[in-house]
Amino acid sequence: MTAIRHHIPDDLLMGYAAGALPQAFDLVVATHVSLSDDARARLAGFEEVGGAVLSELEECDIGEDSLEQTLAKIAGMAPTPKIKPSNGVFPKPLREIVGGDEDAVKWKSLGMGAKQAVLCSEDGVTARLLYIPAGQAMPQHGHNGMEMTLVLKGAFRDEDGVYARGDIEVANQEVDHQPVAEPGEDCICLIATDAKLRFQGLLPRIAQPFIGI
Amino acid sequence: MLRRQERRAKTVTVMDKTEAHWVARIVSIAQHQDQKAFAEVFRHFAPRVKAFLIKSGADQGLAEECMQDVMATLWHKAHMYDPSRASVATWIFTIARNRKIDLLRRYARPEPEELPWGPEQEPDQADVIALHQESTKLADAIRKLPPKQRELIERAYFGDLTHSEIAAETGLPLGTIKSRIRLALERLRHAMS
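Residues numbered from 1 in each chain as written. Chains lettered and ligands numbered in written order. Predicted model: local features only at pLDDT ≥ 70, side-chain atom pairs only at ≥ 80, totals over all residues.

What to know about the sheet that holds strand β8 (residues 180–181) of chain A
Two orientations exist for strands paired in a sheet by backbone hydrogen bonds: parallel and antiparallel. All names here are of chain A. Which entries qualify depends on this criterion: Think of it this way: DSSP has to see at least two bridges between two strands before they count as a pair. Strands here mean DSSP runs of E at least two residues long; helices mean DSSP runs of H or I at least four residues long; both are numbered from the N terminus.
As summarised here, the arrangement of the 3 strands in space is β6-β5-β8, forming an open sheet in which the pairing is antiparallel. The open sheet is flanked by β6 (161–164) and β8, the only strands paired with a single partner. Strand direction decides the pairing type here: strand β5 (residues 155–158) and β8, joined by 2 bridges, are antiparallel. Within β8, the residue paired with Phe156 across the bridge is Ala181.

See the structure below:
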């Protein structure tokens, strides 16, 4: 586990916990949480809220033979395999959508050695991998909505500092920056962009102080 | 195996009886494929899971089908449940939420990599109790919220709010619960290395 310096904001963790994010953002959150115990603990906190909501719900009627049907389902299901810790560059949620680790990515050249691969795209919300050779600037990528960038390999630098593996940057349309890959190692990032929706007021709101118990 | 259960049994005095009870049922499902324990968990949680799915927009048929999937997944994933990182209700909530998204959106929801957890690495009982105390406090705090805000929180978890609406609701009292889970994770990492 690397030391993460740039953390994910709470609204995205709560959105993930509630199941309210589009697929591309879910992918970046799940991948980031796989790399950051801080994010994992904060997400677990928001999930406890879900558990409290579930506990308070009024029971509804279930089918008469629900339990028997469920037991039949259990008998027909393959057992969940033992978890093995992964050693690759990509955490499990990313490996699943790519179909393998770094070497399985179907890159498309963007010129100058830069490459990208779109992983999923729906309603203008897209997740893609970006490969930037060491020392090169990222291609200019305009975005109207929100953009999440998670570093998987190498590092990049912008006016906010250096982002290395596990670090996440969340930018809105007002942020105008051109990150540059650090020298030494090529940089691979997972990026989710939302071209259509605008999350107005996002940054001021997440800055609100938390109420302590 | 026995030792683990004995240690659990002792905690009843400190922990709320019902939560310790549900944790023990999940452990029994994981270790002994205990159908009686499963039936008990089913009777308590299945109607709530179904209610959650209906509130989330599923019709009766889909909610019943999805609820059965959730409970079947609970059986198969019981060995992965870690009571120092989530209450039983929360763990079931996450399974229900993921299954709901799989079905309603027709893709497999990206989930974080699981942390390996075996019988040789037991959760720390102090962590389990601490988490339970914190989640009880959290549930109380939510119950005491003004009705409007409480309703918003519920709607967020039924998938009824947009992301920007959720952003306004992140100010929940979660500070201590998160540091508790962080400690449990540190211990788990230590045990894994």
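A look at the environment of A:Ala20
Residues and elements named next belong to chain A. Stated formally: Three classes are used. A residue is buried when 20 or more other C-beta atoms lie within 10 Å of its own, exposed when 12 or fewer do, and partly exposed in between, with C-beta atoms placed from the backbone.
Examined against the element boundaries, Ala20 turns out to sit in the loop between α1 (10–18) and α2 (23–35). The buried category is assigned to Ala20, around which 23 C-beta atoms lie within 10 Å. Sequence-wise, Ala20 and Ala134 are 114 residues apart; in three dimensions their C-alpha atoms are separated by 36 Å.

Quick word on the packing of helix α3 (residues 37–56) of chain A against helix α9 (residues 175–192) of chain B
Put simply, the rule reads: To get an axis, fit a line to the C-alpha atoms, keeping to the stretch in contact for a helix; angles then go from 0 to 180 degrees between the N-to-C directions. Angles are sorted into four bins: roughly parallel if under 35 degrees, roughly antiparallel if over 145, roughly perpendicular if 65 to 115, and oblique for all others. Note: crossing handedness is left-handed where the near helix turns anticlockwise from the far helix by less than a right angle, and right-handed where it turns clockwise. For the purpose of contact definition, each residue receives a C-beta atom placed from its backbone, and two residues are in contact when these atoms lie within 7 Å. Only Asp, Glu, Lys and Arg are considered charged in this grouping, and only Ala, Val, Leu, Ile, Met, Phe, Trp, Tyr, Cys and Pro are considered nonpolar; every other residue, Gly among them, is considered polar.
In the contact formed by α3(A) and α9(B), the axes pass within 8 Å of each other and the chain directions differ by 130°. Considering their axes alone, α3(A) and α9(B) lie oblique with respect to each other. You can see that α3(A) and α9(B) cross each other, and the crossing is right-handed. When α3(A) is examined against α9(B), the residues A:Asp37, A:Asp38, A:Arg40, A:Ala41, A:Arg42, A:Ala44, A:Gly45 and A:Glu48 are found in contact with a partner set consisting of B:Ile177, B:Lys178, B:Ile181, B:Arg182, B:Leu185 and B:Arg189. Grouping the amino acids of the contact of α3(A) with α9(B) by side-chain chemistry returns 5 nonpolar, 1 polar and 8 charged.

Description of the nonpolar core
What counts here: For this entry, the nonpolar core is defined as buried Ala, Val, Leu, Ile, Met, Phe, Trp, Tyr and Cys residues connected by C-beta atoms within 7 Å.
Core analysis: the largest hydrophobic core is formed by 107 residues, its most contacted members being A:Leu13, A:Val28, A:Val29 and B:Ile92. Excluding anything up to four places from it in sequence, A:Leu13 contacts A:Ile8, A:Val29, A:Ala39, A:Arg42, A:Leu43 and A:Phe46.

Overview of the interface of chain B and chain A
Where interface size is given, it is often the accessible area lost as the parts come together that is meant. Taken together, the contacts link 66 residues of chain B with 65 residues of chain A. Of all the secondary-structure elements, those providing two or more residues to the side of chain B that touches chain A are α3 (35–55), α4 (60–77), α5 (88–105), α6 (125–143), α7 (147–157), α8 (163–167) and α9 of chain B. The biggest single contributor to the side of chain B that touches chain A is α3(B), with 9 residues. Classifying every residue of the side of chain B that touches chain A gives 37 nonpolar, 13 polar and 16 charged.

Brief notes about the sheet that holds strand β2 (residues 114–122) of chain A
Residues and elements named next belong to chain A. Spatially, 6 strands are ordered β1-β2-β3-β9-β4-β7 in an open sheet, and the strand pairing comes out antiparallel. Looking at the sheet topology across the chains shown, the edges are occupied by β1 (108–111) and β7 (168–171). Neighbouring strand axes in the sheet, compared pairwise and without regard to direction, differ in orientation by 25° on average. Note: β1 against β2, 3 bridges, orientation antiparallel. Looking at β2, one finds that Lys108 is bridged to Gln116.

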